[in-house]
Amino acid sequence: MDRSARIRAVAEARADDGPTASGDLTCSARASGDTGGGGDPGGGRPTRAPAGTAGAERRRDAAATRRRLLDAARDLFAEHGYEGATVRDIAERAGVNQALLFRYFGSKQGLLTEVVARGGLEQVRDTPPEELFETALRSMLTRDPDGTEDRSLEVYLRSLGRGEETAGALRELGEKYQSALASLSGAEDAALRADLAMAWLLGIGILRTVVAREPLASADPEAVCRLVLGTLDGLWAAPGA
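Keep in mind the model is a prediction, meaning the values are calculated, not measured. (Residues numbered from 1 in each chain as written. Predicted model: local features only at pLDDT ≥ 70, side-chain atom pairs only at ≥ 80, totals over all residues. Heavy atoms only, no water.)

Student: Before we move on, could you go through the packing of aromatic side chains and cite the residues and values that matter?
Tutor: Under the counting rule described, the total for this entry stands at one aromatic pair. Consider the rings of Phe77 and Tyr82, whose centres lie 5.6 Å apart with planes at 40°: the pair is tilted. Comparing Phe77 with Tyr82 shows no difference in burial state: the two are buried. Directly above the aromatic system of Tyr104 lies the positively charged group of Arg103, at a separation of 5.9 Å from the ring centroid. Above the face of the Tyr82 ring, Lys108 is positioned so that its terminal group lies 4.5 Å from the ring centre. (Phe/Tyr/Trp six-rings, centres within 6.5 Å; stacked < 30°, edge-to-face > 60°. Buried < 20%, exposed > 50% of the residue type's maximum accessible area, 1.4 Å probe, protein only. Lys NZ or Arg CZ within 6 Å of the ring centre and 35° of its normal.)

Student: An account of helix α6 (residues 108–126) is requested, with residue identities and associated values reported.
Tutor: Structural remark: α-helix, 3.6 residues per turn; residues separated by three or four positions point the same way. An ideal rise of 1.5 Å per residue puts 27 Å on 19 residues; α6 measures up with 26 Å between its terminal C-alpha atoms. In the structure, α6 departs most strongly from a straight axis at Ala117, where the bend amounts to approximately 35°. All of the buried residues along α6 are Lys108, Gly110, Leu111, Leu112, Val115, Val116, Gly119, Gly120, Leu121, Gln123 and Val124. (Helix = DSSP H or I, 4+ residues; strand = E, 2+ residues; numbered from the N terminus. Expected span 1.5 Å × (residues − 1). Bend = angle between axes of the 7 residues up to and from the residue.)

Student: Quick one: what's the story with unusual backbone geometry, residue by residue and with numbers?
Tutor: At the junction of Glu214 and Pro215, the peptide bond is cis and its omega measures out at 10° in the coordinates. Examined against the element boundaries, Pro215 turns out to sit in the loop between α10 (190–210) and α11 (221–236). A positive phi angle, near 60°, is found at Ala212, a position not held by glycine. Tracing the backbone through its elements, the reader meets Ala212 in the loop between α10 and α11.

And the structure:
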């Protein structure tokens, strides 16, 4: 979308996105000229929404729109990768004007950064290191019925190595995972062990979700976790421990 087209789209989105901060006249009053009913008892005055109520509704609407865009982008990036998911596709799945994506996130790259921050970086920050590998593994093996599961590793798998646009956000996610996992080992080569664990995790993700190779693609998540986690414990032990 060129600059002038984007500006026009943003202007249209503002019209779609609700009244201005000062409180607009009601649409029905302006369209029909009926400013008496429901307005001032004396008639002739247009109806205005209370300023506090209108502001709170706009904030709720904006937050809901951001969530829908983030959810749509998360799923499309996980399914098609960063390059394969277009701004139009994301907006259509979210059910909003695509100009709102640029208003709230600045760019498709900015949207990816927030998707990764909300999913993977949040997971690393909020999950104890000793639970992180299993949590990430289960997130790739299972799907929540309400669609709220973290899919950041799928986004990572399908978007990695696709140019500088994705490099920064995905590099940070990889480094955070490595640092958290390395803390589980007292060995001198703890960072290498963390990378090996990540390579295994991502390899499982590639074969199961990208390549869909059997029998892994349809394997029971509990069976996969039992086999992988039982083997992984030895990776963290320092030599001679």
